[in-house]
Every structure is written in C-alpha cells, then in structure tokens.
Amino acid sequence: MKIAQLSIRTYEELVKSQNFKSPNLKHAYILAWCAEIFNIAILIFDDVLDNGEMRRGIRSWHRLESIGLNAINDAFIMEQMIYALLKKHFSHLEYPKILQQSMDIFSEIGLYFQIQNDFLDCFGNIQNSGKIGTDIEDKKFSWLVVTCLELANEEQKEILVECYGSKDPHKVEKVKGLYKALDLPSIYYTYEKKSYDRTKALINNLSNGVPQEIFLDILNKIYQCVF
C-alpha cells in the first residue's frame, strides 16, 4: 500500500502547486493502484526466480501450498491488467516536460534500488531486507558478483568460479569472504552516496512549480530502506 499512498500524495502535492482547477482524483487513484500492482508483480517474479522463502517478513506468494508456480501466471495477469487500465484511462493524455524529468529521476532511483537489493541480499538481514538472501546460491547476475569479477585477480576468480552457485554453506561463506576482501561493502557505500547526490541534484533542477519535497521523500525512503 505504500506505493499507492505515495502516488496519491504526489498527485495532491502537484494539484496544490499547479493550482489545478479540476483535479481528476479518479485518474490519480487508478494510476496509484497501477503502480502498486506493478510493484507486487515484479516482487512475485523476483521471488520465483530466487525461490525466496520470505518477502517483507511473510511467506512468499509462490511458497504457499495452493499456489506454487501458478504465481507466475498471477504476476502476468496483474501486469496485463495494468496495461489495460493505462490504455483505457490515459491514452488520450499528452506528456508534459515534468514527465521526462520524472523519468530521469526514477531511472536513477530504480538503478540504485536494484543495486541496494543486491547488496542487502548478501550483507543485509531479514529486518532490513524482509527476506532471506540466496543470490549466491542461485548464481544470480548481481551487482556484487559483477563488481567482484571486475576487481578480482586470477586466483580470486578461480575461487568465485568454484563456489558461486553452490548451496554448500562453506562455499557461500567463501564468496562472501571474497566480497569483503575486495572491500565491496565500502565500494557500495561510496556508490550509494554518489547516487543519492546525483538524484538530489536532478530533483533540485525540476521545473518551477513542481513540488520537490515529494521526490525527496521517495528518495529518502528508498535510501533508508523503508520500501
């Protein structure tokens, strides 16, 4: 519900700042639910790919006995429903300059969010990630392993090839030890700060009359792992 609520709040702030005379609250609610449903569909796909057991502290949808891999169909149905709603209610609208600016902002935020997710999968805990990380065991093409390959020497690459994708806890720990030896946590925190500063600069350059506070609120929530 957080994304839907944030979408409505964003709309309300835009209405106030632009002094809209006929705010269309119905469209705002439809778009808010599209954003919420899209996020849920992406999380279902992600959990199926990871075979994750937990999501936000509760059992993953595909892990329920009556669901299983039918979760993939559920996610596709939700995705198609979003496209149908957008076509029905928004196909007649024009795209103002603020849309392109917003897309630039959310592109930067989206990249950071994915890298943050990869990092927390390995170095986070269930309290701040809401799930049990299995990217190493599942041989995921994550930011951590890509960065590791960029920095590792030949001996370290041999360790990675031997251990990455194994479900043996000892080999998983060897991969984590390799990440630490290459100082990947420090590299991540440096990236995190730079990404935050870049996004904040984009927000500060928004067109006049556009409420910057709502974008900063989204940025800070993601930066602090609230979503």
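What counts and what doesn't
Residues numbered from 1 in each chain as written. Predicted model: local features only at pLDDT ≥ 70, side-chain atom pairs only at ≥ 80, totals over all residues. Heavy atoms only, no water. Helix = DSSP H or I, 4+ residues; strand = E, 2+ residues; numbered from the N terminus. Buried < 20%, exposed > 50% of the residue type's maximum accessible area, 1.4 Å probe, protein only. Salt bridge = Lys/Arg side-chain N within 4 Å of Asp/Glu carboxyl O. Axes fitted to C-alpha atoms, helices over the stretch in contact; angles between N-to-C directions. Left-handed = near helix turned anticlockwise from the far one by under 90°. Contact = heavy atoms within 4.5 Å. Nonpolar A, V, L, I, M, F, W, Y, C, P; charged D, E, K, R; others polar. Expected span 1.5 Å × (residues − 1). Arc of directions from axis to C-beta.

Student: Which parts of the structure should I look at to understand the environment of Gly-57?
Tutor: Along the polypeptide, Gly-57 turns up in the loop between strand S1 (54–55) and strand S2 (58–59). The exposure class assigned to Gly-57 is partly exposed, which follows from its relative accessible area of 46%. Gly-57 sits 75 residues away from Ile-132 along the chain, and the two C-alpha atoms are 9.3 Å apart.

Student: Looking at this structure, I do not really get the pattern of salt bridges. What am I missing?
Tutor: Think of it this way: side chains of opposite charge can pair up when their charged atoms draw near. For the structure on display, the rule yields 7 salt bridges. One salt bridge connects Lys-157 with Glu-154, and the closest N-O pair in it is separated by 4.0 Å. Highlighted residues: Lys-157 and Glu-154, both in helix H7 (residues 154–163), separated by 3 residues, approximately one helical turn. In this structure, Asp-197 and Lys-193 form a salt bridge, with 2.7 Å as the shortest nitrogen-oxygen distance. Placement of both Asp-197 and Lys-193 in helix H9 (residues 184–204) is noted, with a separation of 4 residues, approximately one turn of the helix.

Student: What should I look at first to understand the packing of H7 against helix H8 (residues 169–181) in this one?
Tutor: The angle between the axes and the distance between the axes are what describe a pair of packed helices. It is at 9 Å that the axes of H7 and H8 come closest, and there the two elements cross at 145°. As for the relative orientation of H7 and H8, their crossing is left-handed in sense. Of H8, the residues touching H7 (which contributes Gln-156, Ile-159, Leu-160, Glu-162 and Cys-163) are Lys-171, Lys-174, Val-175 and Leu-178. The residue makeup of the contact of H7 with H8, split by class, is 5 nonpolar, 1 polar and 3 charged.

Student: Quick question: what am I supposed to make of helix H3 (residues 70–90) here?
Tutor: Note: α-helices contain 3.6 residues per turn, so residues at a spacing of three or four share the same orientation. The end-to-end C-alpha distance of H3, which contains 21 residues, comes to 30 Å, matching closely the 30 Å that a straight helix rising 1.5 Å per residue would cover. Of all the positions in H3, only Ala-71, Ala-75, Met-78, Glu-79, Ile-82, His-89 and Phe-90 are classed as buried. Around the axis of H3, the buried residues are gathered within 120° of arc, so they sit on the same side. In H3, the exposed residues that point more than 90 degrees away from the buried face are Ile-77, Lys-87 and Lys-88.

Student: Could you clarify how one ought to interpret the side chain of Glu-108 in this entry?
Tutor: Looking at where Glu-108 falls in the secondary structure, it is placed in helix H4 (residues 97–123). The contacts of Glu-108, once residues within four sequence positions are left out, are Ser-195, Arg-198, Thr-199 and Leu-202.

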